[in-house]
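Understanding the architecture of this molecule
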Amino acid sequence: MIAPSRRLAAMFGAALFMAAACTSVATPAPTVAPPVAASAAPSEAPASAAPGSEAPSASPVASIVATVPAAQLVVPTRLSVCSDIPYPPLEYFDAEGFPTGSDIDIGAEIARRLGLTEAVQNTVFVTIIAALEGAKCDVIISDQNITADRIKKVDMIPYFQAGEAFVVATGNPKGINTTDDLCGKTLAAETGTVEVDYVEGTHDYVGKGLSAACTAKGKPAIVTKQFVHDSDAALALQAGQVDVYFADFPVAANYANSHPEIFQLAPVPQLAPAIVGMSVLPDADHKDLEKAIQTALVSMINDGTYLTILTKYKDEAGAITAAQAMQINKLTLP
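Keep in mind the model is a prediction, meaning the values are calculated, not measured.

1. Some details on the overall build of the protein chain
When its secondary structure is counted, the protein chain shows 10 helices and 12 strands. Looking at the 334 residues of the protein chain, the share that counts as buried comes to 54%. A separation of at least 24 residues holds for 79% of the contacts in the protein chain among residues at least 6 apart in sequence. Accessible area of the protein chain: about 13200 Å², with a carbon and sulfur share of 58%.

2. Concerning the side chain of Asp 138
Along the chain, the position of Asp 138 falls in the loop between α3 (128-133) and β6 (139-145). Buried charged residue Asp 138 carries no salt bridge. Nearest counter-charge: Arg 78, at 9.2 Å. Those residues within four positions of Asp 138 in sequence are excluded, and the remaining contacts are Gln 72, Leu 73, Val 74, Arg 78, Leu 79, Ser 80, Leu 132, Ser 279, Val 280 and Leu 289.

3. Brief notes about the state of the cysteines
Counted under the stated rule, the structure contains 2 disulfides. What pairs with Cys 82 in a disulfide is Cys 137, and their sulfur atoms sit 2.2 Å apart. Negative torsions about the S-S bond denote left-handed disulfides, and the value of about -105 degrees found for Cys 82 with Cys 137 makes this one left-handed. Of this pair, Cys 82 sits in strand β2 (residues 78-83) while Cys 137 sits in the loop between α3 and β6, and the two are 55 residues apart along the sequence. In this pair, the class of Cys 82 matches that of Cys 137, namely buried. With its sulfur 2.0 Å from that of its partner, Cys 183 forms a disulfide with Cys 214.

4. Some details on helix α6 (residues 230-238)
Of all 9 residues in α6, 7 are buried; the element is thus mostly enclosed. For α6, the set of buried residues is Asp 230, Ser 231, Ala 233, Ala 234, Ala 236, Leu 237 and Gln 238. Count one or two residues on from α6 and you reach Gly 240, which has phi positive near 75 degrees.

5. Comments concerning the environment of Val 65
The residue Val 65 is located in the loop between β1 (24-27) and β2 in this model. Along the backbone, Val 65 and Arg 112 are 47 residues apart, and their C-alpha atoms lie at a distance of 9.4 Å. Beyond its immediate sequence surroundings of up to four residues, Val 65 is in contact with Arg 113, Thr 295, Ala 296 and Ser 299.

6. Brief notes about the pattern of salt bridges
According to the stated counting rule, one finds 9 salt bridges in the structure shown. Among the ionic pairs, Asp 243 bridges to Lys 174, the shortest N-O distance being 3.6 Å. Of the two residues, Asp 243 is situated in the loop between α6 and β10 (244-248) and Lys 174 in the loop between β7 (155-169) and β8 (186-190); the sequence distance between them amounts to 69 residues. With a relative accessible area of 15%, Asp 243 lands in the buried category. The partner of Lys 287 in a salt bridge is Glu 290, and the shortest N-O contact between them spans 3.7 Å. Here the residue Lys 287 and the residue Glu 290 both occupy positions in helix α8 (residues 287-303), the gap between them amounting to 3 residues, near one helical turn. A residue is classified by how much of its surface remains accessible, and Lys 287, at 36% relative accessible area, is partly exposed. Classification of Glu 290 by relative accessible area gives buried; the value is 7%. Three or more residues joined by partner-sharing salt bridges are found here, namely Glu 109, Arg 112, Arg 113 and Asp 303.

Here is what the cut-offs are and how they apply
Starting from 1, residues in each chain are numbered consecutively following that chain's sequence as written. The model is predicted, so local features are restricted to residues of pLDDT at least 70 and side-chain atom pairs to those at 80 or more, both for listing and for counting; the totals for chains, interfaces and linings are taken over all residues. Each side-chain value is derived from all of the structure's non-hydrogen atoms; neither hydrogens nor water enter the calculation. Secondary structure elements follow DSSP: runs of H or I of four or more residues count as helices, runs of E of two or more count as strands, with numbering from the N terminus. Exposed residues in this analysis have more than 50% of their type's maximum accessible area, buried residues have under 20%, and partly exposed residues fall in between, with area computed by a 1.4 Å probe over protein chains only. When checking whether two residues touch, look at their non-hydrogen atoms; a contact exists if any pair is within 4.5 Å. Computed with the Shrake-Rupley method and a 1.4 Å probe, the accessible areas treat only the protein chains shown as cover for residues. Charge convention: Lys and Arg are scored as positive, Asp and Glu as negative, and His as well as the terminal groups of each chain are ignored. The salt bridge criterion pairs a side-chain nitrogen of Lys or Arg with a carboxyl oxygen of Asp or Glu, the two atoms within 4 Å. When two cysteine sulfur atoms lie within 2.5 Å, the pair is treated as a disulfide.

Set out below in structure tokens:
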């Protein structure tokens, strides 16, 4: 029998092997069946739901609600989606190596409502906007917070909201109970994320960085270690190379719930939820695409399919409303 830490390391290795290249995988339309445990990602199952919770019923067959001119698609008949895998439960590989997760299923359902088939392009997060600009995909669906810097380059359609949380080794041996306890500690996060910005006080967090708050109090700065793949950041914590791992709450909770023998959430209060958006090119040549994606998303919210998908992956706490999904590029929503 493989010890838990060895087993998790093997899962990380498999996930990273499949995440190494930018690949295109056609994804079938999502179902509303219970989630299937995944062995390729470090999370074998989504975070636990509240006792007695059930997925709401969804429209079994949704009609096409909008169409996209072929000239506005990278590949006609396909909706090419850039997503950074693995980042469970939003995007990860299933036991057969196929992309799955709430973001993947949302993209597949949007594609179906546009009369298209989803094709997932596994793309490193730090270069994901460049991939969109380089015509590698039509839309980014990869848990991207809407930020002032990003909307200078892309239009972002709100579809989710998520706070940020810290993961520590089981038992919290470093005693990280408040953000002040991070001072002088080594923290792992994925390159290009708001987590890095929040710690280092860059981009939208200028003047609000956690590390600068430490030094302002005469405490040592936080040492940030950045990783190209989020799963490497989590593995660094498991290997004892860092003191804490910082990620969006659904991902952090998923690791802690799936592997309580290795990880737990730090008792630091979840940082305020931020709005997450789908990114599309903002030029006139892609306006029909943008509108069609938004129309499909709103129809999913209205008929319950959107909430069904989120509930399947235990992400329902991050659901937004149809009215909120209409507010492109909004940094905050009512």
